[in-house]
Amino acid sequence: KVTVALSGDGADEIFAGYNKYLGEFKARENGFLAKMLKNSLPILDKLPKNRNTAIGNRIRQFHRFAEGMQKSPQERYWYLTSWQNEIGAKAMLSDKAKSLLDGEEYQSRKSRILNLIHGSDFNEILHADTLMLLPNDMLHKVDSMSMAHALEVRVPFLDHRVVNFAFGLPSHYKINGQMKKRILQDAVKYLLPKELYNRPKHGFDVPLTKGYKGELRNWIEEILADDFVTSQGVFSLDYTRKLKQTIFDTTNFDQNQVWSVLAFQHWWKKFEPTLVAEETE
């Protein structure tokens, strides 16, 4: 019976709510812990990393931070915003598709975003995400799924007055070494129980790993089948074979990365006739 809903989208981007922002903040501070993790990269390289356990996820986060510390502010932003680096992406792709990462369109888009990053004002990181992550990921999902169900979703945090106010604030109003979204949390502190105010941020990850090995197995076999991958020409056959083995025989993998590939394959299989028709018109 609900026809209109409110969404909190935008609050993380304009008030610094994500863990990666805390990592960037600590990288720019370059304190003792940051230096220690940076120098621990050879050890972290060898430890198991995944989102499926608390320890594995923490090692994964430390490893991403340590790798990011080796990079310039621009390249660190690109690395922390991506779920796969460019070397890893090329290893996933077919020879034909690899050229896209060296192509003018990709490099031009990357440059437009990275030109916003100068390594000075922390707000530049939030600005870049507001231009890239919000419209191409968060808002797209909200818009497409809400419209598919005749639901109007409004995003009050993205009212232009709120956005202008947020970007006029010094970054330390939003983030320090202990807290993200500081001014937003403090603004509603008196309205919330103490345990909510002090509770760490929680994501909305779906526990997909069991499904991969159970009811989703036949679907995975279908969209990663050798003949389909070969005719598609996007992924390396060697990569998809190893991916299937990883999904079915281990638990040490990043389920979100795997889901991104599977979702792309499902999309391609569903819309390939339309894509081919458009190319031949």
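Above this text is the structure in question.
Residues numbered from 1 in each chain as written. Predicted model: local features only at pLDDT ≥ 70, side-chain atom pairs only at ≥ 80, totals over all residues. Heavy atoms only, no water.

Peer 1: Looking at this structure, I do not really get the overall build of the protein chain. What am I missing?
Peer 2: Counting its secondary structure elements, the protein chain contains 18 helices and two strands. Its C-alpha atoms give the protein chain a radius of gyration of 21 Å, near enough to 19 Å, the size a compact globule of 281 residues would have. Dimensions of the protein chain, computed from the C-alpha atoms along their principal axes, are close to 60 × 55 × 40 Å. Sequence separation of 24 or more characterises 69% of the internal contacts of the protein chain that already satisfy a separation of 6 or more. As displayed, the protein chain has an accessible area near 17400 Å², and 57% of this comes from carbon and sulfur atoms. Counting 39 positive and 35 negative side-chain charges, the protein chain places the averaged centre of each group 8 Å from the other. (Helix = DSSP H or I, 4+ residues; strand = E, 2+ residues; numbered from the N terminus. Rg over C-alpha atoms; globule rule 2.2 N^0.38 Å. Contact = heavy atoms within 4.5 Å. Areas by Shrake-Rupley, 256 points an atom, 1.4 Å probe, with all protein chains shown as cover. Lys, Arg positive; Asp, Glu negative; His and termini not counted. Charge placed at Lys NZ, Arg CZ, Asp CG, Glu CD.)

Peer 1: Sorry, what's going on with the nonpolar core here?
Peer 2: Soluble globular proteins: nonpolar side chains tend toward being buried together. Formed by 24 residues in total, the largest nonpolar core has its most connected members in Y212, F235 and I247. Only α7 (86–92), α8 (95–102), α15 (217–223), α16 (226–232), α17 (237–249) and α18 (255–280) provide two or more residues apiece to this core. Discounting chain neighbours no more than four positions away, the residues touching F235 are M92, L93, S94, V229, T240, V261, F264 and Q265. Core analysis: the second largest hydrophobic core is formed by 20 residues, A16, Y21, F25 and F122 among them. (Core = buried A, V, L, I, M, F, W, Y, C linked by side-chain atoms within 4.5 Å. Buried < 20%, exposed > 50% of the residue type's maximum accessible area, 1.4 Å probe, protein only.)

Peer 1: What am I meant to see in the side chain of R64 here?
Peer 2: Relative to the helices and strands, R64 is located in helix α5 (residues 54–69). We note that R64 is buried and unpaired, the nearest opposite charge coming from E67 at a distance of 6.6 Å. There is a polar contact of 3.0 Å between the side chain of R64 and the backbone oxygen of L80. Apart from residues lying up to four places away in sequence, R64 is in contact with Y79, L80, T81 and S82. (Salt bridge = Lys/Arg side-chain N within 4 Å of Asp/Glu carboxyl O. Polar contact = N/O pair within 3.5 Å; in protein donor to acceptor, adjacent residues only side chain to side chain.)

Peer 1: Help me understand α17, please; the structure alone is not making it clear to me.
Peer 2: Residue pairs three or four apart in sequence face the same way in an α-helix, which turns once every 3.6 residues. Here α17 contains 13 residues, and its C-alpha end-to-end distance of 18 Å stays within 8% of the 18 Å for a straight helix at 1.5 Å per residue. The residue sitting at the N-terminus of α17 and contributing the capping side-chain oxygen is S236; that oxygen lies 3.2 Å from the backbone nitrogen of D238. (Expected span 1.5 Å × (residues − 1).)

Peer 1: What am I meant to see in the packing of aromatic side chains here?
Peer 2: The description of two aromatic rings rests on the distance between their centres and on the angle between their planes. Following the criterion strictly, the structure yields 11 aromatic pairs and no others. With centroids separated by 5.6 Å and ring planes inclined at 40°, the aromatic side chains of Y18 and Y21 adopt a geometry described as tilted. Residue class for Y18 comes out buried when judged on its relative accessible area of 17%. Y21 sits in the buried class, given a relative accessible area of 0%. Seen from their ring centres, F264 and W268 are 5.9 Å apart, and the 40° between their planes marks the pair as tilted. Residue F264 and its partner W268 are both found in helix α18; the two are separated by four residues, about one turn of the helix. (Phe/Tyr/Trp six-rings, centres within 6.5 Å; stacked < 30°, edge-to-face > 60°.)

Peer 1: Would you mind showing me how to read the pattern of salt bridges here?
Peer 2: Side chains bearing opposite charge may pair, as long as their charged atoms lie close to each other. Within the structure shown, the criterion is met by 17 salt bridges. A salt bridge links R76 to E24, with the nearest nitrogen and oxygen atoms 2.7 Å apart. Of the two residues, R76 is situated in helix α6 (residues 73–81) and E24 in helix α2 (residues 19–29); the sequence distance between them amounts to 52 residues. Across the pair D238 and K242 runs a salt bridge, and its minimum N-O distance is 3.3 Å. Here D238 and its partner K242 are both found in helix α17, four residues apart, which amounts to about one turn of the helix.

Peer 1: Before we go on, may I ask you to explain the packing of α5 against α6 in this structure?
Peer 2: How two helices sit against one another is set out by the angle between their axes and by the gap between those axes. With their axes 9 Å apart at the nearest point, α5 and α6 run at an angle of 155° to one another. Accordingly, the angle class assigned to the pair α5 and α6 is roughly antiparallel. Once α5 is placed against α6, the crossing between them reads as right-handed. Packed against α5, whose contacting residues are R64, E67, G68 and M69, the element α6 presents R76, Y79, L80 and T81 at the interface. Classifying every residue of the contact of α5 with α6 by side-chain character gives three nonpolar, two polar and three charged. (Axes fitted to C-alpha atoms, helices over the stretch in contact; angles between N-to-C directions. Parallel < 35°, antiparallel > 145°, perpendicular 65-115°, else oblique. Left-handed = near helix turned anticlockwise from the far one by under 90°. Nonpolar A, V, L, I, M, F, W, Y, C, P; charged D, E, K, R; others polar.)

Shape is all these values report; function is a separate question.
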